[in-house]
Amino acid sequence: MSSVDKQLDDLKAEIDSEVPADITVSDVTYEGPELVLYTPHPKQFARNGDLVRNLASKLRKRITVRPDPEALSAPKAAEDEILSVIPEEAGVTDLDFHQDTGEVVIEAEKPGMVIGRHGSTLRDITKQVGWTPEVVRTPPIESSTVSNVRNFLKQERDDRRDILERVGRQIHREEMGRDQWVRISTLGCCREVGRASFILSTAETRILIDCGDKPGAEGEVPYLQVPEALGSGANSIDAVVLTHAHLDHSALVPLLFKYGYDGPIYCTEPTRDLMGLLQLDYLDVAAKEGRTPPYDSEQVRETIKHTIPLEYGDVTDIAPDVKITFHNAGHILGSAVTHFHIGDGMYNVAFSGDIHYQDTRLFNGAVNDFPRVETLVMESTYGGRNDYQTDQADSEEKLIEVINETYDKGGKVLIPAFAVGRSQEIMLVLEEAMRTGKIPEMPIHLDGMIWEATAIHTTYPEYLRDDLRDRIFHDDENPFLADQFNHIDAGEDERQEVADGDQCVILSTSGMVTGGPIMSWLRHLGTDPDSRLVFVGYQAQGTLGRRIQNGWDEIPVNDSYGGGRSNTLSLNMDVATVDGFSGHADRKGLMDFVKTMNPRPEKVLCVHGDERSVQDLSSALYHEFNMRTFAPKNLETFRFK
Ligand SMILES: [Zn+2]
């Protein structure tokens, strides 16, 4: 008998001795990090309100109870009973019964009302029908990404269960040795921005953290071939942990599956959906530019299928000697500061991923409070000694001023923006400014992936800033549903119509004017001296956006939006830049993150910034807080224990 089977037998014996005599547990098994209990008596389980919680704390496991098939009422009868238990205002839009696991997935506009106080309505459902309810939110704005991911996972249910069972046995395997050590190897994003990737290894376990590309330098990928990464085979890695969906952190995750990786990807649920959206777009862009992408959509699907979503604050076993916990990072939807608890507290490491320390309109500021942490691996994008950003309130004032000036001249405002994060931030600023009369009411057109990314944001309001979340919970106050927002979904004809029409604001991808529908908008509006192009995000070296900022007024337009024609456009429209809407902490934010961090780490690795930024930040942290700091290069290894 394998050690995992023995462990499950012991757990079953312990559970049998804990549950009341009228409840039988027929089987226990692992599915990913969770312990699953099968029972012919699901209703009795539900009646004993605290039973599952008590078992979970006693066994120190996350527990799911599933009914044996014979304990279930027929789906048709169950459907009527379930709908009679759930208050009508919950707005149930779909019920999906899975006979094999006894689960019923309930999609509702107000999931909170299906769950009830402390899960009371969920328990009522099981008490009535025996089925185990699982609740998901109906997106307030229809999202093809969310529905594609949900349908795909539904269709791959059997495969997914096999994966989860295999991963579960991997996580709970017997530890091999008594050696205890911790190392981190840097595979990318050191003294550079892009291709984020690290390996955290212990005597027992290897974990890959992030696996991104380097925008503008497609050939430069993380050093995955080193022995502690894929060099000893794709499946010598136990798990992949993803801090957020941006491509410089996630683009090359599907490549791992092409190399034969077959293990889990841990991230938050919104990161999973955004990652799918961005990776498919990454393939699309490569195809349009005539490049051969390193993988195809089949590997994106494998990635989604292998993803185990975790919520902020869930302490989760991902290996025999490693637990992780995600915390809000304030950077983009679902972004996570990730805490690693190693060897029963032997060592603790936090990876910041990308962070924003202050609250923004979209997100609460990054969490920096942990039970313990000895080493922090921290981003340094704006770590340079002069990298201070304008206060957001001032930036908003300036944006409003620019829009009013353009309106008075009779022109249109064109804002190139990244689909994820900055667009939604700007949408919130504009919605409020119009609602409070600071700018005149006019249509705000959203082009490219912005609408879809916004729909994903509204699907996961619990990941947004508290007051914004509360407004989305009340449909009539959901700012993203405001009347002035219009989704450009009819292509060129609609753009032409908008360009010929009245004053308006247009938000369009790509954020650095490197392709996408913004090229078409420049063609339509670029020659109009009354209109204005307004940059609200960072424009990297070498991008058309940066060139226009630097005064270029003859711009090449030769992508697919120009109908394949290659020609030059004279830019007569005004160009303005409004700084301060970054998703990254500036120098002060980074220093404050460490200053107020609880507990203060002993060591900090400054990564994810250009040479000067990491050096500056590393030396400032050392002088200010007297801690050991490093500005590693790629391919370095640090031993911590
Ligand atoms: Zn990022």
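Read on for a plain summary of the structure. None of the values given here were measured: they were computed from a predicted structure.

1. Considerations on the overall build of the chain
The helix and strand inventory of the chain stands at 21 helices and 28 strands. Computed over the C-alpha atoms, the radius of gyration of the chain is 26 Å, within 12% of the 26 Å expected from 2.2 N^0.38 for a compact globule of 641 residues. Along the first, second and third principal axes, the C-alpha set of the chain runs to 80 × 60 × 45 Å. The buried share of the chain, taken over its 641 residues, is 58%. Taking contacts inside the chain between residues at least 6 apart in sequence as the whole, the part at least 24 apart equals 72%. Here the chain displays about 26,000 Å² of accessible surface, and carbon together with sulfur accounts for 45% of that area. Of the charged side chains in the chain, 65 are positive and 107 negative, and the gap between their average positions amounts to 6 Å.

2. Things to note about the side chain of Thr406
The residue Thr406 is located in helix H13 (residues 392-409) in this model. What Thr406 contacts, discounting residues up to four positions off in sequence, is Gly411, Lys412, Val413, Asp530, Ser531 and Arg532.

3. Here we look at the nonpolar core
Formed by 80 residues in total, the largest nonpolar core has its most connected members in Leu208, Leu256, Leu399, Ile415, Leu430, Val505 and Leu507. Per element, the largest residue contribution to this core is seven residues, and it comes from helix H14 (residues 422-435). Those residues in contact with Leu430 that lie beyond four places of it in its chain are Leu399, Ile403, Ile439, Ile444, Val505 and Leu507. Phe326, Met346, Tyr347 and Val349 belong to the second largest nonpolar core, which has 35 residues in total.

4. Describing the coordination of the zinc ion
Those protein atoms acting as donors to the zinc ion are His244 (NE2), His246 (ND1), His331 (NE2) and Asp354 (OD), and they sit at 2.2 to 2.3 Å. For the zinc ion, the four donor atoms are set out with angles of 87 to 167° between them, so the coordination reads as irregular. Between consecutive donors of the zinc ion, the numbers of intervening residues give the motif H-x1-H-x84-H-x22-D. On the criterion of sequence distance, the pair formed by His246 in the loop between strand E10 (239-241) and helix H9 (247-250) and Asp354 in the loop between strand E16 (347-351) and strand E17 (375-379) is long-range, its members being 108 residues apart. Residue His246 is classed as partly exposed on the basis of its relative accessible area of 21%. Relative accessible area serves as the criterion here: at 2%, Asp354 is assigned to the buried category.

5. Here we look at the sheet that holds strand E25 (residues 574-577)
Strand order in the open sheet made by the six strands is E20-E19-E21-E18-E22-E25, with parallel pairing throughout. Looking at which strands have only one partner, the edges of the open sheet turn out to be strand E20 (485-487) and E25. Recorded for the sheet is a direction-independent mean angle of 25° between the axes of neighbouring strands. With three bridges joining them, strand E19 (residues 444-447) and E20 adopt parallel strand pairing. Bridging across to E20, Leu446 finds its partner in His487. Seen against the sheet, H13 touches strand E18 (413-416), strand E21 (505-508), strand E22 (532-535) and E25 and runs at an angle of roughly 170° to E22.

6. Structural notes on the sheet that holds strand E28 (residues 637-639)
Strand order in the open sheet formed by seven strands is E12-E11-E10-E9-E8-E7-E28, and the pairing between neighbours is mixed. For this open sheet the edge positions go to strand E12 (307-309) and E28, each flanked by a neighbour on one side alone. Going from strand to strand, the sheet's axes swing by 25° on average, the running direction of each strand aside. Here strand E7 (residues 182-188) runs beside E28; their pairing, made up of three bridges, is antiparallel.

7. Overview of the packing of H14 against helix H15 (residues 450-459)
Here H14 crosses H15 at 80°, and the two axes come no closer than 9 Å. One way to sum up the angle between H14 and H15 is to call them roughly perpendicular. Contacts between H14 and H15 pair Ser423, Gln424 and Met427 from the former with Ile450, Ala453, Thr454 and His457 from the latter. The class makeup of the residues in the contact of H14 with H15 is three nonpolar, four polar and no charged.

8. Side note on unusual backbone geometry
For the bond from Thr509 to Ser510, the omega torsion is 0°, close enough to zero to count as cis. Along the chain, Ser510 turns up in the loop between E21 and helix H18 (518-525). With a phi close to 55°, Arg60 is a non-glycine residue in the positive phi region. Residue placement: Arg60 occurs in the loop between helix H3 (51-59) and strand E3 (62-67).

9. A look at the packing of H13 against H14
For any two helices packed against each other, the geometry comes down to the angle between their axes and how far apart the axes lie. Here H13 crosses H14 at 65°, and the two axes come no closer than 11 Å. If you check the angle between H13 and H14, you find them roughly perpendicular. For the pair H13 and H14, the crossing hand works out as right-handed. Residues Gln392, Glu396, Leu399, Ile400 and Ile403 of H13 pack against Glu425, Ile426, Val429, Leu430 and Ala433 of H14. Across the contact of H13 with H14, the residue classes break down as seven nonpolar, one polar and two charged.

Definitions and limits used
- Residues numbered from 1 in each chain as written.
- Predicted model: local features only at pLDDT ≥ 70, side-chain atom pairs only at ≥ 80, totals over all residues.
- Heavy atoms only, no water.
- Helix = DSSP H or I, 4+ residues; strand = E, 2+ residues; numbered from the N terminus.
- Rg over C-alpha atoms; globule rule 2.2 N^0.38 Å.
- Buried < 20%, exposed > 50% of the residue type's maximum accessible area, 1.4 Å probe, protein only.
- Contact = heavy atoms within 4.5 Å.
- Areas by Shrake-Rupley, 256 points an atom, 1.4 Å probe, with all protein chains shown as cover.
- Lys, Arg positive; Asp, Glu negative; His and termini not counted.
- Charge placed at Lys NZ, Arg CZ, Asp CG, Glu CD.
- Core = buried A, V, L, I, M, F, W, Y, C linked by side-chain atoms within 4.5 Å.
- Donors = N, O, S within 2.8 Å, 3.2 Å for Na, K, Ca; no water.
- Tetrahedral: all angles 85-135°; square planar, octahedral: opposite > 155°, others 65-115°.
- Pairing = 2+ DSSP bridges.
- Axes fitted to C-alpha atoms, helices over the stretch in contact; angles between N-to-C directions.
- Parallel < 35°, antiparallel > 145°, perpendicular 65-115°, else oblique.
- Nonpolar A, V, L, I, M, F, W, Y, C, P; charged D, E, K, R; others polar.
- Left-handed = near helix turned anticlockwise from the far one by under 90°.

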